[in-house]
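Architecture at a glance
Each chain, written out:
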Number of protein chains: 2
Amino acid sequence: MDSRIVGYGELQRFTRRILECLGYPPAHADVTATVLVEADARGMASHGVARLDFYEKNIKGGFADPKAEPTVVRETPVAVVIDGNNGVGPVVSEFAMARCIEKAEKVGAGFAAVRNSNHFGMAGLWAEKAVARDQMGMAFTNTRICSVPTFGSQRILGTNPICVAIPSAGKVPFLLDMATTTVAHGKVEVYERRDKDMPLGWCVDEKGIGMTDTKDFQKLFWSKSPDGGHLFLGGEGEDLGGHKGFGLGLLVDLLCAGLSMGRWSLHTFSGKGSGIAHFFGAIRLDNFGDPQEIKEHVEGILDEVRNSHKAEGQDRIFIHGEREAEARVKSLKDGIELDEATAELLAKYAERFKVKPL
Amino acid sequence: MDSRIVGYGELQRFTRRILECLGYPPAHADVTATVLVEADARGMASHGVARLDFYEKNIKGGFADPKAEPTVVRETPVAVVIDGNNGVGPVVSEFAMARCIEKAEKVGAGFAAVRNSNHFGMAGLWAEKAVARDQMGMAFTNTRICSVPTFGSQRILGTNPICVAIPSAGKVPFLLDMATTTVAHGKVEVYERRDKDMPLGWCVDEKGIGMTDTKDFQKLFWSKSPDGGHLFLGGEGEDLGGHKGFGLGLLVDLLCAGLSMGRWSLHTFSGKGSGIAHFFGAIRLDNFGDPQEIKEHVEGILDEVRNSHKAEGQDRIFIHGEREAEARVKSLKDGIELDEATAELLAKYAERFKVKPL
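Residues numbered from 1 in each chain as written. Chains lettered and ligands numbered in written order. Predicted model: local features only at pLDDT ≥ 70, side-chain atom pairs only at ≥ 80, totals over all residues.

Let's talk about the overall build of chain A
For clarity, the cut-off: Secondary structure elements are defined from DSSP: runs of H or I of at least 4 residues count as helices, runs of E of at least 2 residues count as strands, and each element is numbered from the N terminus. As defined in this context, the radius of gyration uses C-alpha atoms, and a globule is described by 2.2 Å times the residue total to the power 0.38. Exposed residues have 12 or fewer other C-beta atoms within 10 Å of their own C-beta, buried residues have 20 or more, and partly exposed residues fall in between, where C-beta atoms are placed from the backbone. By definition, residue pairs are in contact when their C-beta atoms, positioned from the backbone, come within 7 Å.
For chain A, the helix and strand inventory stands at 11 helices and 12 strands. Expected size for 358 residues packed as a compact globule is a radius of gyration near 21 Å; at 20 Å, chain A falls within 12% of this value. The dimensions of chain A, computed from C-alpha atoms along their principal axes, are 55 × 55 × 45 Å. By residue count, 59% of the 358 residues in chain A fall in the buried class. Across chain A, every contact between residues at least 6 apart in sequence was considered, and the portion connecting residues at least 24 apart equals 64%.

A word on the packing of helix H2 (residues 26-41) of chain A against helix H4 (residues 89-107) of chain A
Residue and element names in this part refer to chain A. For clarity, the cut-off: Every angle, taken between N-to-C directions, lies between 0 and 180 degrees, and every axis is a line fitted to C-alpha atoms, over only the stretch in contact when it is a helix. Any angle from 65 to 115 degrees is called roughly perpendicular, while one under 35 is roughly parallel, one over 145 is roughly antiparallel, and all others are oblique. In this count, Pro and Cys sit with the nonpolar residues alongside Ala, Val, Leu, Ile, Met, Phe, Trp and Tyr, while Asp, Glu, Lys and Arg are called charged and the others, Gly among them, polar.
Packing of H2 against H4 leaves a shortest axis separation of 8 Å and a crossing angle of 95°. Comparing their axes, H4 and H2 come out roughly perpendicular. Mapping the contact onto sequence places His 28, Val 31, Thr 32 and Val 35 in H2 and Pro 90, Val 91 and Glu 94 in H4. For the contact of H2 with H4, a count of residues per class yields four nonpolar, two polar and one charged.

Here we look at the relation of the copies chain A and chain B
Worth spelling out the cut-off: The superposition of copies rests on a least-squares fit of C-alpha positions from residues with pLDDT of 70 or more in both.
Between chain A and chain B, the superposition needs a rotation of 180° and an axial shift of 0.0 Å, giving an RMSD of 0.0 Å. A rotation of that kind, with that shift, is consistent with a two-fold axis. Residues of chain A ranked by C-alpha distance from the rotation axis are headed by A:Gly234, positioned 2.5 Å from it. With an isologous cut-off of 70% or more, the 100% of interface residues of chain A that recur at the interface of chain B puts this contact in the isologous class.

A word on the interface of chain A and chain B
By a frequent convention, interface size equals the accessible area lost on bringing the separate parts together. Taken residue by residue, the interface counts 71 residues in chain A and 71 residues in chain B. Residue assignment for the side of chain A that touches chain B shows that the elements contributing at least two residues are strand E3 (79-83), strand E4 (109-117), strand E6 (162-166), strand E7 (174-178), helix H8 (242-260) and helix H9 (291-306) of chain A. In terms of residue count, H8(A) provides more of the side of chain A that touches chain B than any other element does, 11 residues in total.

Re the environment of B:Gly229
Residue and element names in this part refer to chain B. By secondary structure assignment, the location of Gly 229 is in strand E10 (residues 229-230). Sequence-wise, Gly 229 and Cys 21 are 208 residues apart; in three dimensions their C-alpha atoms are separated by 35 Å. Those residues in contact with Gly 229, other than ones at most four positions away along the chain, are Cys 146, Ser 147, Val 148, Arg 155, Cys 203, Val 204 and Phe 221.

Notes on the sheet that holds strand E8 (residues 203-204) of chain B
Residue and element names in this part refer to chain B. Put simply, the rule reads: In this analysis, strands are considered paired if DSSP registers two or more bridges between them.
Here three strands make up an open sheet; going across it, the order is E9-E8-E10 and the pairing antiparallel. Here the strands that pair on one side only, and so sit at the sheet edges, are strand E9 (210-211) and E10. Pairing of E8 with E9 involves two bridges; the strand directions are antiparallel. Considered in E9, the bridge of Val 204 is made with Gly 210.

Describing the sheet that holds strand E2 (residues 71-75) of chain A
Read from one edge to the other, the open sheet built from seven strands follows the order E2-E3-E4-E11-E5-E6-E7 (chain A), with strand pairing classed as mixed. At either margin of the open sheet sits one strand with a lone partner, and together these are E2 and E7 of chain A. Mean inter-strand twist for the sheet, computed between neighbouring axes without regard to direction, equals 15°. As paired strands, E2(A) and E3(A) are joined by four bridges and run antiparallel to one another. By the bridge assignment, A:Glu75 is partnered in E3(A) with A:Val80. On the sheet, helix H8 (residues 242-260) of chain B packs against E6 and E7 of chain A and is oriented at approximately 140° with respect to E7(A).

Here's the deal with unusual backbone geometry
Residues and elements named next belong to chain B. In the Ramachandran plot, Asn 86 falls in the positive-phi region, its phi being about 65° despite a non-glycine side chain. Take Asn 86: there are 22 C-beta atoms within 10 Å of it, and that puts it in the buried class. Positive phi, close to 55°, is recorded for Asp 134, a residue that is not glycine. Relative to the helices and strands, Asp 134 is located in the loop between helix H5 (123-127) and strand E5 (135-141). Assessed through the 15 C-beta atoms surrounding it within 10 Å, Asp 134 is described here as partly exposed.

Regarding the domain arrangement of chain A
This is how the line gets drawn: All the domain ranges listed were derived from an automatic or database domain assignment.
Considered domain by domain, chain A is made up of domain 1 (1-60 + 334-358), domain 2 (68-182 + 240-307) and domain 3 (183-230). Put simply, the middle of domain 1 of chain A and the middle of domain 3 of chain A, counted by C-alpha atoms, are 28 Å apart.

Examining the packing of H9(A) against H8(B)
To keep it simple, the criterion reads: It is the rotation of the near helix from the far one that decides the hand of a crossing: anticlockwise by less than a right angle makes it left-handed, clockwise makes it right-handed.
Running from amino to carboxyl end, H9(A) crosses H8(B) at an angle of 140°, the nearest separation of the two axes being 10 Å. On the basis of their axis angle, the class for H9(A) and H8(B) is oblique. H9(A) and H8(B) meet at a crossing whose hand is right-handed. Contact residues: A:Ile294, A:His297, A:Val298, A:Ile301 and A:Val305 in H9(A); B:Leu250, B:Asp253, B:Leu254, B:Ala257, B:Gly258 and B:Leu259 in H8(B). When grouped by side-chain class, the residues that make up the contact of H9(A) with H8(B) number eight nonpolar, two polar and one charged.

Re the pairing of strand E6 (residues 162-166) of chain B
Residues and elements named next belong to chain B. Burial within E6 is extensive, with five of its five residues counted as buried. Burial along E6 is two-sided: the face carrying Ile 162, Val 164 and Ile 166 and the face carrying Cys 163 and Ala 165 are both buried. Two elements, E5 and E6, share four bridges in a ladder whose sense is antiparallel. Bridge pairing in E6 links Phe 140 to Ile 162. Where E6 meets strand E7 (residues 174-178), five bridges bridge the pair, whose relative direction is antiparallel. The partner of Cys 163 across the bridge, within E7, is Asp 177.

Digging into the pairing of strand E11 (residues 276-284) of chain A
All names here are of chain A. The element E11 is largely enclosed, with a buried count of nine among its nine residues. Because side chains alternate across E11, one face comprises the buried residues Ile 276, His 278, Phe 280, Ala 282 and Arg 284, and the other comprises Ala 277, Phe 279, Gly 281 and Ile 283, equally buried. One ladder, built from seven bridges, connects E4 with E11; its direction is antiparallel. Along E11, the bridge assignment pairs Val 114 with His 278. Sheet topology places strand E5 (residues 135-141) next to E11; seven bridges connect them, and they run antiparallel. The residue bridging Phe 140 from the neighbouring strand is Phe 279, located in E11.

In structure tokens form, the structure reads like this:
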């Protein structure tokens, strides 16, 4: 696959400029560009600048208003409910997470339930903002429908990620950032491009029965049928715990849409605004003891996990967040690698808006 | 299988009496008996009165002191750190969860990190205590080691359950109460008794490679080898998301042992006290809006999930907590069904302590 290597700063400035051309005010373009480029820098291309296209479609479809500012609709010492007013996800999320952190600074913990927002990028970026202040952070979001509940066949829930960051005394915090579905849809597309069957446990057909043919699944997924879709972690039925993954996905929708009185996944992208809902939280470590001691204790646990016996053929146990942090270090040093399709997308934007190409 | 039907009250009183004979003060025996009998009433026999045997072993092994009272070692407006002083899990947990709820009443949210406790029974019983006060509740615990991380072979983590309860306007709250491992060990034992192979995705051998023979696995699991054990939700490797389940299990240990400065799963049941650690939380619904409106919105979401299309051959999508709530209603009406082994265990206790048998 052809690719282009681009510097972090260069890519951020270019993306910011394109977002401005798409109608984002400069401050909104800046935070959104950083969120997209950070994902690319961490090797999460699925949440990177390739999303510019989707972000533009959200504006054109009336789902996102790049100029809108979020408003606080309810506030208590430990919590805030925010209406995103259909603004862009990163702007709404930065606003919401900053309030969680402020509340945690003041009273020990802070939570934000957010309705009427949009795609917020990598969940990890929001949760980890708390870490620098010696707080644990959390971020959840519902998404466009793609997944079916245990014993169901209809797409009614999203990938509904769970993200929790816990500070450690090591180089990087513990940063769990996971879709509650077995895989995100991008993985099916990779298998399709490679002409490869996917494993059972990823997806079901219109009858809610496991399927492995990626081409057939793609046809179904993009058809008008409301049935067939992704499975939650644990797969089909209950034998491998699919009901647990489904429970986690549903929990995310109850936290995001339930507490904010917003739309749950089934009703996103129908009507004005996408209606995406989030939930954020921050809890100060020093509620529980000296932060440095806790961080050293956490790192001690992580070290024992790293040093535990490896499975045959394996030489490393990865702590969550390590791979992405290592990719980021490499990207800052060597530049960010864009795949051919993304490089082409950016070149088209440059031409269209008469912006100097990368 | 032979079984005995016993009334809830009768079983609670009997269990309380046996616990008193084992050295529990009356108040400690009472809360512990209720916790065990509640699990049986809900069809969770794995956490029911059959555990009396394990609870007795914990006393004899020096892991649990039935007379110990928990103490607060640190407190802030939103959080408390509790030392269980090796007391019994239900006593320590009732103390901790009550403090979370009190704090939530006062300031909106409350959290408790607990070290040096013991087995606390069904996690759901603690999380749901918040629901009656229009709060969401959460409960986590580490456990004796049984599970291996992704790409590992060594048993270093427990079943590490996650439990979150969210109030709804329906008959029962949303109550997700799940081991983060694919299955708990009791399920392997059921398959062994039925002379049945288990599916891939439950367990790995000493080399960290998936295995299906339950008899071989049982031998390995109870041997002195530190390797081989249960897999986390998502199974072996990363194809079906095993790293996500592992991340959830590790998260539970960081919340419980990390924040309480307690022992993580690897070091439980070694030395004085089992060292089991918990984490609890409660957040008031009215932080986010009118509790009744939120509960109706939550129930509306759950109803749409229930009414979504069913997979072929299925006629119901279960919301988490429904099955257990329905079993409880039946148990209160018709009595609790004990299996033969449990009935025998109780008969032996009755004989040994000269207590009137059931």
